[in-house]
Structures are given as C-alpha cells and as structure tokens.
Amino acid sequence: MASDPQSELPEAHPTQTDGVHAAMEAVYNWNYDSEIDQLRTLYANALERQWIGLRDLDWEQEIDRAAFSRSFSIGGVPIQETDFWKSLPEDTRWEIARGTATFMLSNFLHGEQGALMVAAQLVNAVPHMDGKFYASTQTLDEARHVEVFAAYIRKLGEVQPIAPGLKKLLDDVLATDDWKKKAVGMQVVTEGLALYSFRDMRNASEEPLLRQLLTRVSQDEARHTGYGIKYLNQVVPTLSDEEKAEIEDFAFETARLLIDSRSGLALRQTALKLWESAGVDPAEALGVLVKERETLRAAVEKRGGRWGPVRGFVIPTLRSIGLFSPRIEAAFQEVFDHNFQGAMGKLSEELPELPEDLEAWVMEETN
Ligand SMILES: [Fe+2]
Ligand SMILES: [Fe+2]
C-alpha cells in the first residue's frame, strides 16, 4: 500500500476526462467598492483561514483500517440503532460499513472536483465584486479539498466512480447560465449536502486521519454555505415572483433527484447495491424505515432531529433565504411521503432550524 500521498491513483482507474457544455455570461463590474459588506468580510475571513493540505494534516500516520471500517454513516438515518442492523452477522455489517464509507469518500472527492469548477464559474458569473472576491477564495479551498480527499483515497487504495445522481446534479449546476441558479445549486444544495455529510461521517468515524481531514474541510464548507446564505439573502428579496419560482424549482429539482427513487438517481439506490453485494436484500433494508420507525425517530431526535442532508440541512437553508414557498413545501412533502412512507412526518411540523453558528455546529461531536 502506497503511503506517499503524491503517488499515483490505483491503476484500475486511469485518467479519464468527461465534458458538459457550460454556457454562461461572464460579467464585469466596474465598481470596485464593496457593495455587500458581509461578503467582503467573509472574503477577509477566508484569507485568514487558509491552510495547506499536504502540510497541515498528518500524512505520516497510516490509515487505521479497522477504525475506517467502522466509519458507518448512511445519510443521516441511524440504521445502526435498529434491531435489523444488530441482527446481521458481524462480517456483513463490517462489509457494508466499509463499502459505504468508501462509496461516500469517493463521491466526496468527485463532488469536490465539481465544486472546484463551479466556484471558478462563479468568479465570472456573479455580478458583485464582493461575490467575485469570495468565489476566488472558494475556488482555492475546493482545489485543496480535491487534493486532500485524493491523497486520503490513495492511501486507502480504492476509488469508486461518481454516483449518477451526484453527476447529474453537478452537470446541471455547471450547465445553467443563470448565476442565481448556479449559486443556489452549488452554495445551498451541494454545499449543504457536503457540509452535512462530512460532519456526519467525521462524527461516525474513529479513524484519526479521516477525522482530522473532515474537520478541516468542513470548516471551509461552513464558510461556503455561509456565502450562499449571505449572498442569496440579499438577492432573493429583489426578485420577481416568477424569478423566485424559477430559482425555487431549480433548487427543488437538484435536491429531489438525490432522494426520489422515481428519478432513478437517488443516492440510496446506488448505495443499496453495496448491501445487495454483502448478501442483504435491499428491500428488507429499506423496509426498516417503516418497521422500526419509532426506534429510528427516537435515534434521530437524540441526534438533533435531522433526517439526512436534504431534509435536515438543505431545506432549512432554503427556508431561511426565502426559497421555500408553500408550493415547494408541498412538492418536497410529496417526495418524502412517497419515498419514506411517512417515517419522517410532516415538514410543517418538524423541520429543524438551520444552526445559527455553522462553524460551531461543525465542531459539535454529536450527530
Ligand atoms: Fe469542498
Ligand atoms: Fe465547498
């Protein structure tokens, strides 16, 4: 096993390129004064908080493989608390946990590449100089994230292809020519998904290097989500009803395809293939949502009431920036009802608040 983070990716995954046509307007702004002070402050903060991936993480340490195999986290649903999970043979549980962790890490890596490209697009596409300055720091942050996830995965010696749902999300965000859709698709949906999932895996994992890496990366992602919230908070109130509805639809659709089995691209559909190859019937695994609904609800409640990244984080963010009209709420409710058979309850009754201080929330060790 190569321990040098500079060594090549495994040979089974040779260099491949892939393209998506991405048209957009590149916007100059001849006013160099600050127009949105909060974004200028965030930019200054980002400059102060830069770190160097290959220097500031302890790459000398070997991956603790046993601890890595227990880094089990499945999109915020604490299935490990159920009788079903406890009834599986230990070998099977380990195989699923390890496979899921590898699947997620690979998608973190590929997602970071998408974020790198979109952040660079935002430098061109956003109209305010403060927004351009900030997006330039995010571009560098995302390059560092690609670098450190790739280095970790090299040590692990295993990388899986991008999940089709994540690829479609990134393609759509890269391809849209509307900077506001790009901002909501990247800074709210994708960043929210990333921040939630990185924190969740950090809290689930006992592998020291992975915990260190995910903590550093999540601190950057908290800033990226903050950019989306601060920027869109300024912009959304200036939009016409039609424009707002269009942005809402885009946000809904990008999030929906990751959780709705009817899209054929839901992340759990890809992840459940791992269960199948470990000898567990995916239908039985999904059935736990209904069969052990009360156990799961209690476990989610104990962990702060967040049912995964979309419901637990992305939707509260959309609501906080005024992109969660009754029309969109009903559309999301229908998706949850269809996919989770009522296990998650009504959005109008139990949608968690967005954490007030994202950086402090990142550092919290509870799920
Ligand atoms: Fe990132
Ligand atoms: Fe990010």
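Higher on the page you've got the structure.
Now for a description of the structure that goes with this document. (Residues numbered from 1 in each chain as written. Chains lettered and ligands numbered in written order. Predicted model: local features only at pLDDT ≥ 70, side-chain atom pairs only at ≥ 80, totals over all residues. Heavy atoms only, no water.)

Comments concerning the nonpolar core
Residues V184, Y227, W275, F332 and F336 are the most contacted members of the largest nonpolar core, which totals 80 residues. Within the second largest apolar cluster, 31 residues are counted, among which are W59, L105, L156 and L214. (Core = buried A, V, L, I, M, F, W, Y, C linked by side-chain atoms within 4.5 Å. Buried < 20%, exposed > 50% of the residue type's maximum accessible area, 1.4 Å probe, protein only.)

Points about the coordination of the iron ion (ligand 1)
Protein coordination of the iron ion (ligand 1) is provided by E112 (OE), E112 (OE), E142 (OE), H145 (ND1) and E221 (OE), with donor distances spanning 2.0 to 2.7 Å. Positions of the donor residues of the iron ion (ligand 1), expressed as sequence spacing, correspond to E-x29-E-x2-H-x75-E. Separation of the iron ion (ligand 1) from the iron ion (ligand 2) amounts to 3.2 Å, with E142 serving as a shared donor to the pair. Remark: H145 and E142 occur in helix α6 (residues 129–156); sequence separation between them is three residues, near one turn of the helix. Looking at E142, the relative accessible area reads 0%, which means it is buried. (Donors = N, O, S within 2.8 Å, 3.2 Å for Na, K, Ca; no water. Helix = DSSP H or I, 4+ residues; strand = E, 2+ residues; numbered from the N terminus.)

Notes on the packing of helix α7 (residues 164–175) against helix α8 (residues 179–204)
When two helices pack together, their arrangement is given by the angle between their axes and by how far apart the axes lie. Close contact between α7 and α8 brings their axes to 8 Å; oriented N to C, the two are set at 155 degrees. As far as their axial angle goes, α8 and α7 are roughly antiparallel. Regarding α7 and α8, the two cross each other, and that crossing is left-handed. Between α7, through L169, L170, V173, L174 and A175, and α8, the contact on the second element is made entirely by K182, G185, M186, V189, T190 and L193. Residue composition of the contact of α7 with α8, grouped by class: eight nonpolar, two polar and one charged. (Axes fitted to C-alpha atoms, helices over the stretch in contact; angles between N-to-C directions. Parallel < 35°, antiparallel > 145°, perpendicular 65-115°, else oblique. Left-handed = near helix turned anticlockwise from the far one by under 90°. Contact = heavy atoms within 4.5 Å. Nonpolar A, V, L, I, M, F, W, Y, C, P; charged D, E, K, R; others polar.)

Brief notes about helix α10 (residues 241–259)
An ideal rise of 1.5 Å per residue puts 27 Å on 19 residues; α10 measures up with 27 Å between its terminal C-alpha atoms. Of all the residues in α10, the buried ones are I247, E248, F250, A251, F252, T254, A255, R256, L257, L258 and I259. Where α10 is buried, its residues touch α7, α8, α11 (267–277), α14 (308–320) and α15 (326–340). (Expected span 1.5 Å × (residues − 1).)

Regarding the packing of aromatic side chains
Inspection of every chain in the model, using the stated rule, returns 16 aromatic pairs. Pairing F68 with Y152 gives two aromatic rings, centres 6.3 Å apart and planes at 40 degrees, and the pair type is tilted. Residue F68 is found in helix α3 (residues 65–69), and its partner Y152 is found in helix α6; the two are separated by 84 residues along the sequence. Neither F68 nor Y152 differs from the other in exposure class; each is buried. Here the aromatic cluster, defined as three or more aromatic residues joined through ring pairs, consists of Y134, W179, Y227 and Y231. Of note, R199 hangs over the ring of W361, and the distance from its end group to the ring centre comes to 3.9 Å. Note that R311 overlies the ring of F336, its terminal NZ or CZ placed 4.9 Å from the centroid. (Phe/Tyr/Trp six-rings, centres within 6.5 Å; stacked < 30°, edge-to-face > 60°. Lys NZ or Arg CZ within 6 Å of the ring centre and 35° of its normal.)

Digging into the environment of Y227
Take Y227: it is sitting in helix α9 (residues 208–235). You can call Y227 buried: its relative accessible area is 2%. With 201 residues separating them along the chain, Y227 and A26 place their C-alpha atoms 20 Å apart. Those residues in contact with Y227, other than ones at most four positions away along the chain, are L39, L42, L122, V126, G131, Y134, A135, Q138 and Q187. Polar side-chain contacts of Y227 include one of 2.9 Å to the backbone oxygen of G131. (Polar contact = N/O pair within 3.5 Å; in protein donor to acceptor, adjacent residues only side chain to side chain.)

Some words on the pattern of salt bridges
Overall, the coordinates contain 24 salt bridges when judged by the stated rule. With a shortest N-O distance of 2.9 Å, D141 and R223 are connected by a salt bridge. Taken together, the residues D141 in helix α6 and R223 in helix α9 connect sequence positions 82 residues apart. Here D141 matches R223 in class, with each residue buried. Note that R262 and E334 form a salt bridge whose closest N and O atoms lie 3.0 Å from each other. (Salt bridge = Lys/Arg side-chain N within 4 Å of Asp/Glu carboxyl O.)

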